[in-house]
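Here is what each chain is made of, one letter per residue.
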Amino acid sequence: MNYFRLLLIGCFSIFIGHAAHAQGKLTGVVRDSATNEPLAFASVFLANTTLGVTTTEQGTFVFPKVPAGTYDVVGSYVGYRLAKQSITMGRETQEVTLKLGATGNQLGEVVVKPAANKPEEYQKFSKLFLGGSTFSAQCRISNPDDVLVLYDDSTKDLTAHAKEFVQIDNEALGYRLKYYGLQFSFNDDDHSVFYYGQPVFEELKPKDDRQRKLWAANRLTAYKGSFMHFLRSVYTDRLKQEGFYTQQIRVFDNPRYLRAEEQRKALLASKPSGPYTAAEQDSLDLWDDLAPVLATLNQEPLPIDSIRRVSPGGKRTFLRFNGELQVAYFGETPDPLYKRPMSPLGYPKVPFPVGPREVSRLKLQGREAQFQANGTLLNPLDVFNGEYWGFEKIGEFLPVDYVPGSLPPPATSARQ
């Protein structure tokens, strides 16, 4: 089972109830870490949101109304390294100072300009990063020359990073995504994908009201059945109402594989250079086809207490389940570009909804994973996503302050 791993440093939390309506004022200044001089016209944003501003000539900035929650405040300036600071907002005004270190060359330093990307390596990165969905096909990296893609023959790793940010225009959802500090890797052996950074979303300007409504509809489509939607539904105990169906998967070692491995190693040790008889070659081929692990599906839907743990007082909420979790969503038809068959759900006593479904798979890195009311993990590395959620990538990527059903700003007020 291949899992898709996504780390978004800078996730924030929004708390439901009265805290969700609380807003506070955030002010601050961006300075040069060496000279302490203010940096005018620097970019400041709250990672993974649509909230971003530019500093004044005095290096100051203001976010007048920030919903309650914990944020990474990120500062960016040409020729400087990113700076970030984690804050927790309530109703009280908070002030932060971001100090950015210059990345200028030292006197006498030789600058080696990287070679141009190999087209086939860049195309592979672009496909893996943006995804293969219908919405991904409407995404475009507008600054490809700022991305450095490298392939290591020894480790089979394809890596990519950008000096400042990767800019993606998503014409399907109406967002311009600036992905600061991108660190991307793909391994050819296990096909694992891993990337992280500090992204900020900007609203694209719609051509007319029809496009504005189309973007709103597409955003809702991207949200329905997403991992964000699932976590929000678990948090509020509304899995069934929201169209989710969860089942437990037990994964265990395949005893036939363990025995075959012993036999394979013994044969290879006895004939390190071959040749092998026809019978021996048949055995090697058979052993290579054996799966190292087997899985069984508990066909009955899991109750909420088998998926979620809430701390005393309700202050913290965790994903916690045994084995792995299979999650089916019945709210929409899968993307036509998803070619894999959906995993079966079996024949449980409690009938599941009739119709098309999207089936995903979750695996915990540890015993449990804390998550927030807005549908984000406290530490995204705590969970591995597979199957349909592994297919959905940048093309379906939404800011965590997204409200289902909300309309993008009209053409007259949208930011470019």
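The name an unreviewed UniProt entry gives the protein chain is Carboxypeptidase-like regulatory domain-containing protein, with Hymenobacter properus as the organism.

Colleague: Teacher, can you tell me more about the pattern of salt bridges here?
Modeller: Pairing between side chains becomes possible if they bear opposite charge and their charged atoms approach one another. Scanning the entire structure with this criterion turns up 14 salt bridges. Here Glu 368 makes a salt bridge to Arg 309, at a shortest N to O gap of 3.0 Å. Taken together, the residues span a long stretch of sequence, with Glu 368 in the loop between β20 (358–364) and β21 (369–371) and Arg 309 in strand β17 (residues 308–310) at a distance of 59 residues. Each member of the salt-bridge network shares a partner with another, and the members are Arg 140, Asp 169 and Arg 176.

Colleague: Before we go on, may I ask you to explain helix α2 (residues 119–130) in this structure?
Modeller: Since the α-helix packs 3.6 residues into each turn, any two residues three or four apart lie on the same face. With 12 residues, α2 extends 16 Å from end C-alpha to end C-alpha; this agrees with the ideal 16 Å at 1.5 Å per step. Taken together, the buried positions of α2 are occupied by Glu 121, Tyr 122, Phe 125, Ser 126, Leu 128, Phe 129 and Leu 130. Buried residues along α2 sit against β9 (139–141), β10 (147–152), β11 (157–162), β12 (165–170), β13 (175–187) and β14 (193–203). Downstream of α2 by one or two residues, Gly 131 has phi in the positive range, about 100°.

Colleague: Please clarify how the packing of aromatic side chains should be interpreted in this entry.
Modeller: Both the distance between ring centres and the angle between the ring planes are used here to describe each pair of aromatic rings. Under the criterion given, the structure shown has 27 aromatic pairs. Taking 5.6 Å as the distance between ring centres and 50° as the angle between the ring planes, the aromatic pair formed by Tyr 223 and Tyr 402 counts as tilted. Here Tyr 223 is found in helix α3 (residues 209–223), whereas its partner Tyr 402 is found in the segment after α8 (388–391), with 179 residues between them in sequence. Given the relative accessible area of 7%, Tyr 223 is considered buried.

Colleague: Is there a simple way to think about the sheet that holds strand β18 (residues 317–319) in this case?
Modeller: Backbone-to-backbone hydrogen bonds pair the strands of a sheet. The strands run either parallel or antiparallel. Read across the sheet, three strands follow the order β17-β18-β21 without closing on themselves; strand pairing throughout is antiparallel. A strand with exactly one partner marks an edge of an open sheet, and here the two such strands are β17 and β21. The sheet shows a mean angle of 35° between the axes of neighbouring strands, taken without regard to direction. Summarising the sheet, β17 and β18 pair through three bridges and their orientation is antiparallel. Within the sheet, the bridge partner assigned to Arg 308 lies in β18 and is Leu 319. Its contacts with the sheet put helix α4 (residues 227–235) on β17, β18 and β21, and the angle it makes with β18 is roughly 125°.

Colleague: Looking at this model, I keep getting lost on the environment of Ser 154. Mind explaining?
Modeller: Here Ser 154 is to be found in the loop between β10 and β11. The class of Ser 154 is exposed, set by a relative accessible area of 64%.

Colleague: Help me understand the sheet that holds strand β3 (residues 43–46), please; the structure alone is not making it clear to me.
Modeller: Spatially, the four strands line up as an open sheet ordered β4-β3-β6-β7, and their pairing is antiparallel. The open sheet has two edge strands, β4 (52–54) and β7 (83–89), and neither has a second partner. Neighbour-to-neighbour, the strand axes of this sheet turn through a mean angle of 20°, independent of strand direction. Pairing analysis gives three bridges linking β3 to β4, with the strands arranged antiparallel. Counterpart to Ser 43 in the pairing with β4 is Thr 54.

Colleague: Explanation requested: the packing of helix α6 (residues 255–270) against helix α7 (residues 278–289) in the structure shown.
Modeller: Any two packed helices are characterised by how steeply their axes cross, that is the angle between the axes, and by the distance between the axes. Relative to each other, α6 and α7 sit at 140°, their axes nearing to 10 Å. In this view, α6 runs oblique relative to α7, as classed from their interaxial angle. Crossing of α6 against α7: the hand is left-handed. Contacts between α6 and α7 involve Ala 260, Gln 263, Arg 264, Leu 267 and Leu 268 on the former and, on the latter, Glu 280, Leu 284, Trp 287 and Asp 288. When its residues are assigned to classes, the contact of α6 with α7 shows five nonpolar, one polar and three charged.

Colleague: I would appreciate a short explanation of α3 in the present structure.
Modeller: Helix length check: α3, at 15 residues, gives a terminal C-alpha distance of 21 Å against a target of 21 Å (1.5 Å per residue), a fit within 8%. For α3, the full list of buried residues reads Gln 211, Arg 212, Trp 215, Ala 216, Asn 218, Arg 219, Ala 222 and Tyr 223. Buried residues of α3, viewed axially, fall in a sector of 165°; they line one side. Buried residues along α3 sit against β13, β14 and α4. Where α3 begins, the capping side chain belongs to Asp 208, and its oxygen is found 3.2 Å from the backbone nitrogen of Arg 210. Taken from the residues just after α3, Gly 225 is the one with a positive phi, measuring 80°.

Colleague: What is the right way to read the side chain of Ser 233 from this model?
Modeller: The topology assignment puts Ser 233 in helix α4. Under the relative-accessibility criterion, Ser 233 is labelled buried at 1%. In this view, Ser 233 contacts Arg 238, Leu 239, Glu 242 and Phe 244; residues no more than four positions away in its chain are not counted.

Colleague: Explanation requested: unusual backbone geometry in the structure shown.
Modeller: When glycine is set aside, most residues are seen to have a negative phi, and most peptide bonds are trans. In this chain, Gly 274 is followed by Pro 275 through a cis amide linkage whose omega measures -5°. On the secondary structure map, Pro 275 appears in the loop between α6 and α7. The backbone of His 191 sits at a positive phi, close to 60°, despite the residue not being glycine. When you line up the elements, His 191 lands in the loop between β13 and β14.

Colleague: What exactly am I supposed to notice about the side chain of Glu 396 here?
Modeller: Structurally, Glu 396 can be placed in the segment after α8. Although Glu 396 is buried, it forms no salt bridge, and the closest oppositely charged side chain is Lys 393 at an N-O distance of 9.4 Å. At 2.6 Å, the side chain of Glu 396 forms a polar contact with the side chain of Ser 133. Other than its neighbours up to four places away in sequence, Glu 396 contacts Ser 133, Phe 135, Ser 136, Leu 173 and Ala 222.

Colleague: Whenever I open this one, the pairing of strand β19 (residues 324–329) confuses me. Can you help?
Modeller: Side chains on a regular strand alternate between the two faces of the sheet. Most of β19 sits out of view: six of its six residues are buried. Side chains Glu 324, Gln 326 and Ala 328 project from β19 onto one buried face, and the interleaved Leu 325, Val 327 and Tyr 329 project onto a second face that is buried too. In the sheet, strand β15 (residues 244–253) pairs with β19 via six bridges, with the strands oriented antiparallel. Each bridged residue has a counterpart across the sheet, and for Thr 246 the counterpart in β19 is Val 327. In this sheet, β20 lies alongside β19 in antiparallel orientation, the contact comprising five bridges. Each residue of the ladder has a partner; that of Tyr 329, found in β20, is Glu 358.

Thresholds applied
- Residues numbered from 1 in each chain as written.
- Predicted model: local features only at pLDDT ≥ 70, side-chain atom pairs only at ≥ 80, totals over all residues.
- Heavy atoms only, no water.
- Salt bridge = Lys/Arg side-chain N within 4 Å of Asp/Glu carboxyl O.
- Helix = DSSP H or I, 4+ residues; strand = E, 2+ residues; numbered from the N terminus.
- Expected span 1.5 Å × (residues − 1).
- Buried < 20%, exposed > 50% of the residue type's maximum accessible area, 1.4 Å probe, protein only.
- Contact = heavy atoms within 4.5 Å.
- Phe/Tyr/Trp six-rings, centres within 6.5 Å; stacked < 30°, edge-to-face > 60°.
- Pairing = 2+ DSSP bridges.
- Axes fitted to C-alpha atoms, helices over the stretch in contact; angles between N-to-C directions.
- Parallel < 35°, antiparallel > 145°, perpendicular 65-115°, else oblique.
- Left-handed = near helix turned anticlockwise from the far one by under 90°.
- Nonpolar A, V, L, I, M, F, W, Y, C, P; charged D, E, K, R; others polar.
- Arc of directions from axis to C-beta.
- Polar contact = N/O pair within 3.5 Å; in protein donor to acceptor, adjacent residues only side chain to side chain.
- Lys, Arg positive; Asp, Glu negative; His and termini not counted.

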